[in-house]
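What follows is the residue order along each chain.
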Amino acid sequence: MTAMLDITEIARATGLSSRALRFYEARGLIRPLRSEGGRRIFGAGEVERLHAIVALKRAGFTLAAIGRMLDGRGIGLGPMIAAQVKVVEAERAALTDTAALLGSIQSRIDVGEHIDVATLCSLIRKGHAMTTTQWKSVVDQHFTPAEQAHWAERMNALAPDFDQDAYQAKWAELGQRIAAALPMDPASDAARGFVREWFALLAPFRAVASPDMWAGATRLHENRAAWEGQADPGFSSEVWQFIQAASAAMKARGEVPGA
């Protein structure tokens, strides 16, 4: 395909929505030209990049990884593929465990046991207790025992009835909603709303975290490539990257994300 196509024609040719194309442009994954009238136009090179993005996303690579791969930033494919295999295998194992858990609960219902929603939620939390242990192993790499003790002490003082399981469930729910809405323009009103929800959920941590702890939390997620697949914080790296971009867009407009 050698002709220059506008965004509507590209959306039709690739199956991507115009919103997705604008999102990829905002992330720097594609760089369409502009006509004299300001319309986005795409040449053969950008069309090839778009097909590559679709293929790599199908394999589960994050947009950040896709950007590095397409720009050839000196990163070998071997290590990236090996890391992605671990992520996919961890996801497959998690799905297998979930299927087994739900199958076990269904069997109990089939023999006449009464299980209400509260019981179901309790069984699911118990069935995924290992996730908390796995997450702690990651946290231990980024926060000292003293910092973690400070967090626990301050949380007990400020919120003695704090429910860590319920808190983590809120992160998972928000992460799922954001993931379902992507791709999205980081400068959109909807993105701004997600950022505000994100920072509202961060309130308990922000209330007790020292500057070093806050910096540690940022480093933890910036280094996700080193531990992704080992634990689940409740949201994907793509969701994290989107929130960073949306927060930056708010700051560029003079808004305070956590206000």
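This structure is a prediction, so every number in the text was calculated from the model and none was measured.

Asker: Any chance you could explain the nonpolar core here in plain terms?
Answerer: Most often, soluble globular proteins have nonpolar side chains that are buried together. Core analysis: the biggest nonpolar cluster contains 42 residues, and Tyr24, Leu50, Ile178, Trp198 and Phe242 have the highest contact counts within it. In contact with Tyr24, not counting residues within four places along its chain, are Leu16, Leu29, Ile30, Leu50, Ile53, Lys57 and Leu63. Ranked by size, the runner-up nonpolar core spans ten residues in total, among them Val139, Phe205, Ala217 and Trp227.

Asker: So what exactly am I meant to see when it comes to the sheet that holds strand 3 (residues 40-42) here?
Answerer: Strand pairs in the sheet, formed through backbone hydrogen bonds, run parallel or antiparallel to each other. Strand order in the open sheet formed by three strands is 1-3-2, and the pairing between neighbours is antiparallel. Sheet topology places strand 1 (5-6) and strand 2 (33-34) at the edges, where each strand pairs with a single neighbour. Bridging between strand 1 and strand 3 involves two bridges; their strand directions are antiparallel. Note on strand 3: the bridge partner recorded for Asp6 is Ile41.

Asker: What exactly am I supposed to notice about the packing of aromatic side chains here?
Answerer: Each pair of aromatic rings is reported with the distance of its centres and the angle of its planes. Under the defined criterion, the tally for this structure stands at five aromatic pairs. Between Phe23 and Phe242, the aromatic rings sit 6.4 Å apart at their centres with planes inclined by 45°, giving tilted as the arrangement. With Phe23 in helix 2 (residues 18-26) and Phe242 in helix 13 (residues 237-252), this residue pair connects regions lying 219 residues apart in the sequence. Of the two residues, Phe23 and Phe242, neither departs from the other in class, the shared state being buried. For the pair Trp171 and Trp198, a centre-to-centre distance of 4.9 Å together with 75° between the ring planes defines the contact as edge-to-face. Residue Trp171 is found in helix 9 (residues 164-181), and its partner Trp198 is found in helix 10 (residues 189-201); the two are separated by 27 residues along the sequence. Judged on exposure class, the residue Trp171 and its partner Trp198 are both buried. Three or more aromatic residues joined by ring pairs form one cluster here, namely Phe23, Tyr24 and Phe242.

Cut-offs and rules
- Residues numbered from 1 in each chain as written.
- Predicted model: local features only at pLDDT ≥ 70, side-chain atom pairs only at ≥ 80, totals over all residues.
- Heavy atoms only, no water.
- Core = buried A, V, L, I, M, F, W, Y, C linked by side-chain atoms within 4.5 Å.
- Buried < 20%, exposed > 50% of the residue type's maximum accessible area, 1.4 Å probe, protein only.
- Contact = heavy atoms within 4.5 Å.
- Pairing = 2+ DSSP bridges.
- Helix = DSSP H or I, 4+ residues; strand = E, 2+ residues; numbered from the N terminus.
- Phe/Tyr/Trp six-rings, centres within 6.5 Å; stacked < 30°, edge-to-face > 60°.

Read these as layout, nothing more, since geometry by itself doesn't imply function.
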